[in-house]
Each structure stands twice: as C-alpha cells, then as structure tokens.
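An overview of the molecular structure
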Amino acid sequence: MRAARLPVLALAVAAGSATPRLAGAAAGSIRGRVEVTREPPAPQARPSIGELSMPSPRDLPNRRRSVVYLEAAPQGAFEEHEGRAVMDQRHETFVPYVLAITAGTTVDFTNSDRTYHNVFSLSKPRRFDLGRYATGQSKSVRFDRPGVVRVFCEIHSHMSAFILVFAHRFFATTDADGRYRIDNVPPGAYTIVAWNDGEARETRTVRVGEDGGVLEQDFVVR
Amino acid sequence: MRGAALLATALSAIAAAVAAEPPAEPRRFALGVELSAAVGPEDRGFFNYTSYEDSTQRLARLSLTAEWHVAERVALLGEVRDENLGRPRVYALYARVRPWRDRAFDVQAGLIPPVFGAFSRRRYGSDNPLIGYPLAYQYLTSLRSDAVPGTESDLVVTRGSGWLVRYPFGWGNSDAEPGLPLVNALRWDAGIQVHVGSGPLEASAAVTQGTLSSPRVRDDNGGKQVSARVAWKPVVGLVVGVSGARGDYLSREVVDSLPPERRGHYAQQAWGVDLEYSRDRWILRSEAIWSRWQTPMLERSLGALGFTAEGRCKVLPGLYAAARLDHLGFTRIDGPAGRVSWDAPVWRMEAGLGYTPVRHVLAKVAYQHNWRDGGRVRERALLTSQLVVWF
C-alpha cells in the first residue's frame, strides 16, 4: 500500500522558507547510485496445472531497476507534457518492467511476441483494457493522472509491470549499474525518494545550493 | 492410485536423467489458491448437479495448486480441492518432463489433465466466464458405469432423472446412484500422456485408467482409455481442435453379473470438435461432443450429442458480459409407447456479467434458464452469483 503514496506526494508543492524556485538561480543536479541488495522475489505466476506441455521459456523482468524522484516538486513545475514512451511485450515480459513518465505522456504497448497479449490495469489513476492483439501491433494509452499504475496481461498471469506517472519532471530511472541523475533542479530543500519494485524504499533530504552544482546521494535498498 | 504411482515412478527415471543437468533458470516453486463461492436458488430440476449432493450453482470450492520446477525440464504439479467443506481430494498430481531440450515433446504422468476437448483444462472459477458448466461436461445422463439397463423400458422410465438412477430390470448395482455425464470435468484421469508441437499444429495423446465420463485413479475393468487431440492454430487467436477417445466404461463387477454370453468389453467412444476465436475484447468458443456407449443388454449403442457456444465481451475495464447456449440430445430407442430418445433432451441458456474490482477478485452474476423434454421438473430458471478470489 505504500506505493499509493506516490500520487499524493508527486502533486505536493514544497512550502515554507525552503520553498524551491524554478527561476532566478542556478539549477543543480542530483545524482548517485541505488544499490539493491534485496533479492527480488520470483515473478508471480499461477501453476500451469491445465497445460499439456512445458511453458515456453520467458525472460525475467529486471526488478532491480529503481526510480528516484523528488517527493515535493518545485513551484511552477507542473507544466503540461505530451511525450511518448514505449512498453514492449517480449518473451512474455513487459519491457521495461518499470516506466517513469510525466502526466500527459502516451505509452505505446507494442507486442513483439508471437502470441496474443491483453494489457490491462485496474489502478485508480488509469483503468484501461486494451483487449487482445497480435504480434507487430501496438495500442496506446495516455496517462493524465499522477500515480502508480500496475499493468498486467490478462492472458499471462506472470506478466506485470509498473508505470509511475509524475506531475513533474524531477525523476530518473536507474541504469543497469543502478546510477541515476536528475538535472535542472532549482535551489532548495527536497525530499528525495528511491522507489523499487512497488514501494518507496528509501527517503533522504537534500539541499541544492543557490550556486547549483552536483549533489551526490546514494541509496541502499534492502 | 497405485497405477498413477507406478507411472510417476517410471517417469521419474527419465526425470532423474534430465534433472541431472544444471538448471538454466533458478528453480522455482509456485503456489496458487482459488476460492470460489456460488450462491443460487435450489435447482429442483437437478439441471446443474454433478452428483446427488452437489450443484455448480451452490458450490463453495477451495483449490490449492502447486508447481515445482525441480529442474529446467522437470516439474511436479498438483491440485487439492475441497468442495462445500467436504473431504479434500486430490484433483491433479503429475510429473511433467521434457526429455529433449530442443524438441517440443513433453510427457506427463500421474493424475493428468484430459487431452480431450477444451473445457476440462480451463480453471473453473476464473477461466469460466459464467457460473454453470457446459451440459456435455456436467449434466448427468441416466447411464451408469456400475449398472446397466436390462431393457429399453429401463431407460424410458429414467429419462430426465440422471441425478439418481435405478433401473427396474437392470443388472449390477441395484442402489439408486447418479448417472454419467458425457465428459466429467470434475475429475481427472490417471495415466500417461505425450504432447508434441508448439507451433500451428499440436497433438496430444493419453492412455488412462478410466473414461471421459468416468475418470478413475484405480482401474476397475482392466481396460484402458486411449484419447487424443490435434489442435490447429492457423492464425493467432484461432484454435481448432479435434478430439477422440475410446475406453471401457463398465466396471468389472457389473460385467461379471451379466449372463455369460453378454460378458465382454463395453466402450465409451467419443469425438469432439472445439473452436476458439479471440480478438480485441471478444472471445468466442464452441464445442461439439458426440459420445456413444455400448450397452450389453440393448440392441444398439446409446448416443448423445452435446453442443455449446459461448461468447465473452469486455465492455469496460474490469467488466465483461458473457452468454452461453447449450444443448444435449440423445439417440432414439424403441420404448413401450414408440420411439423416444433414451434420455430427455436438454437446452440451456446462460447469460451474465463479471466484474473485477481488483486483479485477484472476480464477482459474477448469471441468469440461467433450463428446459428438458422429460423428467419431473421440465423447466427451471436460476439467478446465481459467484465470488472468485485467486492468488
């Protein structure tokens, strides 16, 4: 249930003496590394009792990828975005497993498998059901409300993914080494969060100075 | 159970050799739980009964499933079910082995999923868009495996009362007991099966202890059933299946009670065609099953044809509508009052809605109307709701 905090937090605007500002000072960057030491649990799948053959091999989702974001965005950061992103379905796995976007982004759900997939979500920020579609086809969903959207395939119970929809642009997804970088952060005090596999795991407080610069902030997710 | 254990033991030799190889993926263990509860009015016409006590319209079921990949190409699978707080029983328990890494060839042994048709392998609660079963997989005819009708009149007087059958001039068990469905979807058979192919064409074949209408863990007549299915998938979303099965269905006890000149092997033989087409928000399914039972005391075999067609359409995220049409017809015999079908033909229409508020919960409501050309109760409408929770 901790994941449900994201939409509220992402919408919040920092207030008080340390209120960050978008203009009038040099912007800084926050970078670092998220080390995931916990062993990701095996993908959930219902036992294939009724099958007549061994299930086809499938990829395992990369559940070590994390998203780092500012809990309270600077004032004036809530501009409209109309970007586009892709979440592919490949070897019965959503790729990427975690997709972070800004509100207003349209996500293309492509199907690169030779079987049907049926992407759906029952999450409050965006309920949708794309129906069944075959290889080479793609269907799109626009995400307008911030929050965490859990995505599933109706046909393959082991397929799941996360889409994190932010009301601002101050977030980053970690790379293969766990590194992240959030640029153009206005001076001010922020709560920065490392999110991994469905939960906000670690929280830190950082301050970007008036002269900008680069802040280092590492996380260890256990 | 001994037969299944022997088969499983034989398969374990192959499994041991396969398991000796290092696994390419981490070994995994998956558990599944499905709890379903259907609440409906009393079915006074016994249209939905699967035994004398149990109806699919008033059924609480707890199902525990497990799959253990002991190696990359060896898995053990099982399911235990408890219905209406009765005694838990093993529904499935088998080993699955893929002997060759690069060949789509699989062997399963134990209490195995049926290869015949399509419905039996679907999960009842969450894969069935409605609450009732198709008639061919559930409706109890007036034919039994532990008793045989002595004359055509025995069948005429029991028309439309398959939930509790006793033949006035029959042979074998003289107690009143439920009859047989065309295909029993509530129990799986014990035996061994092979499956070949993973592309547009797949084939499966099995040798099992019982028959489609009377699956068995322990053989009761010395005869085995051979069943097979070929599935063709010309395009994504379309599956066409053709099935066949033949096996002795009468128990040794009833055969031994017959006059010596009538003793022998009496088979149930069945053919099936199943079709599934899905696209976008639609799934359309249809099955036709023709079954024929040889009977020792009657001139002709008894035949039955089951036909079902169903459709499901998602109308909103989490909400679908579904409907099914069903018919079960029977061949005709010469009764005291002329030619008549040996059991009363049945028609069923069922339509309903399913709503998924969260991923692991499905709530259904369905209206079902049944008609029967015979029996005490000839028509019955039922409004039933069902809640399914799975993990």
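Quantities reported herein were computed from a predicted structural model and do not represent experimental measurements.

Topic: the overall build of chain A
Helices and strands together make up the secondary structure of chain A, namely one helix and 17 strands. Here chain A, with 222 residues, has 43% of them falling under the buried criterion. In chain A, 68% of the contacts between residues at least 6 apart in sequence involve partners at least 24 apart.

Digging into the overall build of chain B
In terms of helices and strands, chain B carries five helices and 20 strands. On C-alpha atoms alone, chain B measures out to a radius of gyration of 21 Å, which is about the 21 Å that the 2.2 N^0.38 rule sets for 391 residues. Based on the C-alpha atoms only, the size of chain B along its principal axes is roughly 70 × 55 × 40 Å.

Remarks on the nonpolar core
As a rule of thumb, soluble globular proteins bury nonpolar side chains together. Grouped together as the largest cluster of nonpolar side chains are 62 residues, with contacts concentrated most on A92, Y94, L111, A136, L182 and V183 of chain B. In this structure, Y94 of chain B is in contact with L77, Q108, A109, G110, L111 and I112 of chain B, ignoring residues within four places of it in sequence. Listed in part, the 51 residues of the second largest apolar core include V68, A100, I192 and W195 of chain A.

Looking at unusual backbone geometry
Residue and element names in this part refer to chain A. A cis amide bond links V95 to the next residue, P96, at an omega of 0°. Structurally, P96 can be placed in the loop between β4 (93-95) and β5 (98-102). Look at E92: it is not a glycine, yet its phi comes out positive at around 55°. Inspection of the secondary structure assignment puts E92 in the loop between β3 (84-90) and β4.

Describing the sheet that holds strand β11 (residues 160-166) of chain A
Residues and elements named next belong to chain A. Strands sit in the order β5-β11-β10-β7-β8 across an open sheet of five strands; the sheet is mixed. Among the strands making up the open sheet, the edge pair consists of β5 and β8 (126-129). Neighbour-to-neighbour, the strand axes of the sheet open up by a mean angle of 30°, direction not taken into account. One ladder, built from five bridges, connects β5 with β11; its direction is parallel. Of the residues in β11, the one forming a bridge with A100 is L164.

Regarding the interface of chain B and chain A
Taken together, the contact pairs 35 residues of chain B with 23 residues of chain A. Secondary-structure elements contributing two or more residues to the side of chain B that touches chain A are β1 (29-39), β2 (60-71), β3 (74-83), β4 (89-97), β8 (189-196) and β12 (267-279) of chain B. The greatest single-element share of the side of chain B that touches chain A, amounting to three residues, is contributed by β2 of chain B. Considered class by class, the residues forming the side of chain B that touches chain A number 10 nonpolar, 10 polar and 15 charged.

Examining the confidence of the model for chain A
All names here are of chain A. Model confidence for chain A is summarised by a mean pLDDT of 85, while 85% of its residues fall at 70 or above. Note on residues 1-5: pLDDT under 50 across the span, and seven contacts to partners over four residues away in sequence or across chains. Segment residues 7-19 is flagged for pLDDT under 50; beyond a separation of four residues in sequence, or across chains, it makes 24 contacts in the model.

A few points about the sheet that holds strand β15 (residues 199-208) of chain A
All names here are of chain A. Read from one edge to the other, the open sheet built from four strands follows the order β12-β2-β14-β15, with strand pairing classed as antiparallel. Each edge of the open sheet carries a strand with a single partner, namely β12 (171-173) and β15. With strand direction ignored, the average angle separating the axes of adjacent strands in the sheet is 15°. Examined bridge by bridge, strand β14 (residues 188-196) and β15 share nine bridges and lie antiparallel to one another. The residue bridging T191 from the neighbouring strand is T205, located in β15.

Quick word on the environment of P317 of chain B
Looking at the element boundaries, P317 of chain B is found in the loop between β14 (302-316) and β15 (319-330). Residue P317 of chain B is classed as partly exposed on the basis of its 15 C-beta neighbours within 10 Å. In the structure, P317 of chain B is positioned 40 residues away from P357 of chain B in sequence and 9.3 Å away in space, judged by C-alpha atoms. Setting aside chain neighbours within four positions, we find P317 of chain B in contact with F120, L122, R127, F128 and D129 of chain A.

A few points about the pairing of β8 of chain A
Residues and elements named next belong to chain A. Relative to β8, strand β7 (residues 119-123) runs antiparallel, the two being bridged by four bridges. Bridge pairing links F120 to D129 in β8. In sequence, β7 turns back onto β8 through a hairpin of two residues.

Re the pairing of β8 of chain B
All names here are of chain B. The buried count for β8 comes to six of eight residues, which makes it a mostly enclosed element. One ladder, built from eight bridges, connects strand β5 (residues 105-112) with β8; its direction is antiparallel. Paired with D106 across the bridge in β8 is H195. In terms of strand pairing, β8 meets strand β9 (residues 201-208) through six bridges, oriented antiparallel. Each bridged residue has a counterpart across the sheet, and for G191 the counterpart in β9 is T208.

Things to note about the confidence of the model for chain B
Segments scoring low in pLDDT should not have their predicted coordinates read at a detailed level. For chain B, per-residue confidence averages 91 on the pLDDT scale, and residues scoring 70 or more make up 93% of the total. Scored as a complex, the prediction yields pTM 0.88 and ipTM 0.84.

Things to note about the environment of E83 of chain B
Here E83 of chain B lies in strand β3. Between the C-alpha atom of E83 of chain B and that of P260 of chain B, which follows or precedes it by 177 residues, the distance is 41 Å.

Side note on the environment of G160 of chain B
Residue and element names in this part refer to chain B. Of note, G160 is situated in the loop between α4 (152-157) and β7 (171-172). Residue classification places G160 among the buried residues on the basis of 21 C-beta atoms within 10 Å. Sequence-wise, G160 and Y355 are 195 residues apart; in three dimensions their C-alpha atoms are separated by 35 Å. For G160, the contacting residues outside a window of four places in its chain are D343, A344, R372, G374 and G375.

Thresholds applied
Residues numbered from 1 in each chain as written. Chains lettered and ligands numbered in written order. Predicted model: local features only at pLDDT ≥ 70, side-chain atom pairs only at ≥ 80, totals over all residues. Helix = DSSP H or I, 4+ residues; strand = E, 2+ residues; numbered from the N terminus. Buried ≥ 20, exposed ≤ 12 C-beta atoms within 10 Å, placed from the backbone. Contact = placed C-beta atoms within 7 Å. Rg over C-alpha atoms; globule rule 2.2 N^0.38 Å. Core = buried A, V, L, I, M, F, W, Y, C linked by C-beta atoms within 7 Å. Pairing = 2+ DSSP bridges. Axes fitted to C-alpha atoms, helices over the stretch in contact; angles between N-to-C directions. Nonpolar A, V, L, I, M, F, W, Y, C, P; charged D, E, K, R; others polar. pLDDT = per-residue confidence, 0-100.

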